[in-house]
Amino acid sequence: KFSEKCILVLGENIRPNTYEVPYSLSCDFNSYGGQNIRLPLWYHEIDWYNSNIGTIKIQEIEENLINYGSTTSSEISLKKDCIAIFNNQEGTRMDTLRRIKKIMKFDAYGKPFKKWFDDGWNYNSKIEKMKDYKFNLCPENSLYPGYYTEKCFHSKLAGCVPIYFADNYVLEDWIFIKNKKERI
């Protein structure tokens, strides 16, 4: 049992009431009687207020997402087919990867493939690598309402078409991003 001043911050797909804490910030839509505030993992990635907290600068979102989809067919033809970047060998993800191999060429990075970027493993190298591809296989590790990570978001910032799946509530977050961007 935790003290009444404890606030649990969860980034993974775990229910906050599992820990019996008085307050939590998590991806969960459930407020658990006012004890939980929804704060999805992808939200942590963005420096919303130019405070140098967060990996993705708000200007980067404005520059890359406003023009998303404006790539010409000749630019697309120069790109490789598909990239996959992940460490968790979740079953549906691996099955999707096997199916994609049958219809297009792809490069894969991460633990299951024992292949890493030349300059390490960070946000900038990930985005730069994805810019060379048409598609990015980026499904979530698990499906649960509210659990949405940076995967789809990173694809869009790199100019890739995400091959993504999550539960149907993911649209709630994308509507939020669209409305937030319009207010900036």
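Here is what the cut-offs are and how they apply
Residues numbered from 1 in each chain as written. Predicted model: local features only at pLDDT ≥ 70, side-chain atom pairs only at ≥ 80, totals over all residues. Heavy atoms only, no water. Pairing = 2+ DSSP bridges. Helix = DSSP H or I, 4+ residues; strand = E, 2+ residues; numbered from the N terminus. Axes fitted to C-alpha atoms, helices over the stretch in contact; angles between N-to-C directions. Salt bridge = Lys/Arg side-chain N within 4 Å of Asp/Glu carboxyl O. Buried < 20%, exposed > 50% of the residue type's maximum accessible area, 1.4 Å probe, protein only. Phe/Tyr/Trp six-rings, centres within 6.5 Å; stacked < 30°, edge-to-face > 60°. Lys NZ or Arg CZ within 6 Å of the ring centre and 35° of its normal. Polar contact = N/O pair within 3.5 Å; in protein donor to acceptor, adjacent residues only side chain to side chain. Parallel < 35°, antiparallel > 145°, perpendicular 65-115°, else oblique. Left-handed = near helix turned anticlockwise from the far one by under 90°. Contact = heavy atoms within 4.5 Å.

Enquirer: Give a description of the sheet that holds strand β7 (residues 106-109) that names residues and reports values.
Expert: The parallel open sheet is built from 4 strands, whose spatial order is β7-β6-β8-β9. Each end of this open sheet is capped by a strand with a single partner; those strands are β7 and β9 (161-163). Across the sheet, the mean angle separating the axes of adjacent strands is 25° when strand polarity is ignored. Across 4 bridges, the pairing between strand β6 (residues 80-85) and strand β8 (residues 133-137) is parallel.

Enquirer: Describe the pattern of salt bridges, and please don't skip the residues or the numbers.
Expert: Following the criterion strictly, the structure yields 7 salt bridges and no others. For Arg15, the salt bridge identified is with Asp28, shortest N-O distance 2.7 Å. Taken together, the residues span a long stretch of sequence, with Arg15 in the loop between β1 (7-9) and β2 (23-26) and Asp28 in the loop between β2 and β3 (36-38) at a distance of 13 residues. What makes Arg15 buried here is its relative accessible area of 15%. Taking the shortest distance from any N to any O, the salt bridge between Lys131 and Glu128 comes out at 3.0 Å. The exposure class of Lys131 is partly exposed, given its relative accessible area of 35%. Given a relative accessible area of 46%, Glu128 falls into the partly exposed group.

Enquirer: How would you summarise the packing of aromatic side chains if you had to cite specific residues and measurements?
Expert: Scanning the entire structure with this criterion turns up 6 aromatic pairs. What links up through ring pairs into an aromatic cluster is the set Trp42, Tyr43, Trp48 and Phe153. If you follow Arg15 out to its NZ or CZ, it ends over the ring of Tyr144, 3.5 Å from the centre. The ring of Tyr109 carries the charged tip of Lys115 above its face, separated from the ring centre by 4.8 Å.

Enquirer: If you had to explain the side chain of Ser26 to someone new, which residues and values would you point to?
Expert: Along the chain, Ser26 turns up in strand β2. A distance of 3.0 Å separates the side chain of Ser26 from the side chain of Asn36, its partner in a polar contact.

Enquirer: Please give an account of helix α5 (residues 151-158) that cites residues and values.
Expert: Quick reminder: α-helices carry 3.6 residues per turn. Residues three or four places apart thus point the same way. Across the 8 residues that make up α5, a large majority, 7, are buried. Turning to α5, its buried residues number three or more, namely Lys151, Cys152, Phe153, His154, Ser155, Leu157 and Ala158. One or two steps after α5, the chain reaches Gly159, where phi turns positive at roughly 85°.

Enquirer: Help me get a handle on the pairing of β2, residues and values and all.
Expert: Burial of β2 is one-sided: the residues Ser24 and Ser26 facing one way are buried, the residues Tyr23 and Leu25 facing the other way are not. Here β2 runs beside β3; their pairing, made up of 3 bridges, is parallel. Note that in β3 the partner of Leu25 across the bridge is Ile37.

Enquirer: Which residues make up the packing of helix α4 (residues 123-130) against α5, and what values go with them?
Expert: Taken N-terminus to C-terminus, the directions of α4 and α5 make an angle of 60°; their axes are 8 Å apart at the nearest point. The angle between the axes of α4 and α5 places the two elements in the oblique class. Seen from above, α4 lies across α5 with right-handed handedness. Where α4 abuts α5, its residues Tyr123, Lys126, Ile127 and Met130 lie against His154, Ser155, Leu157 and Ala158.

Purely geometric numbers; function is a separate question.
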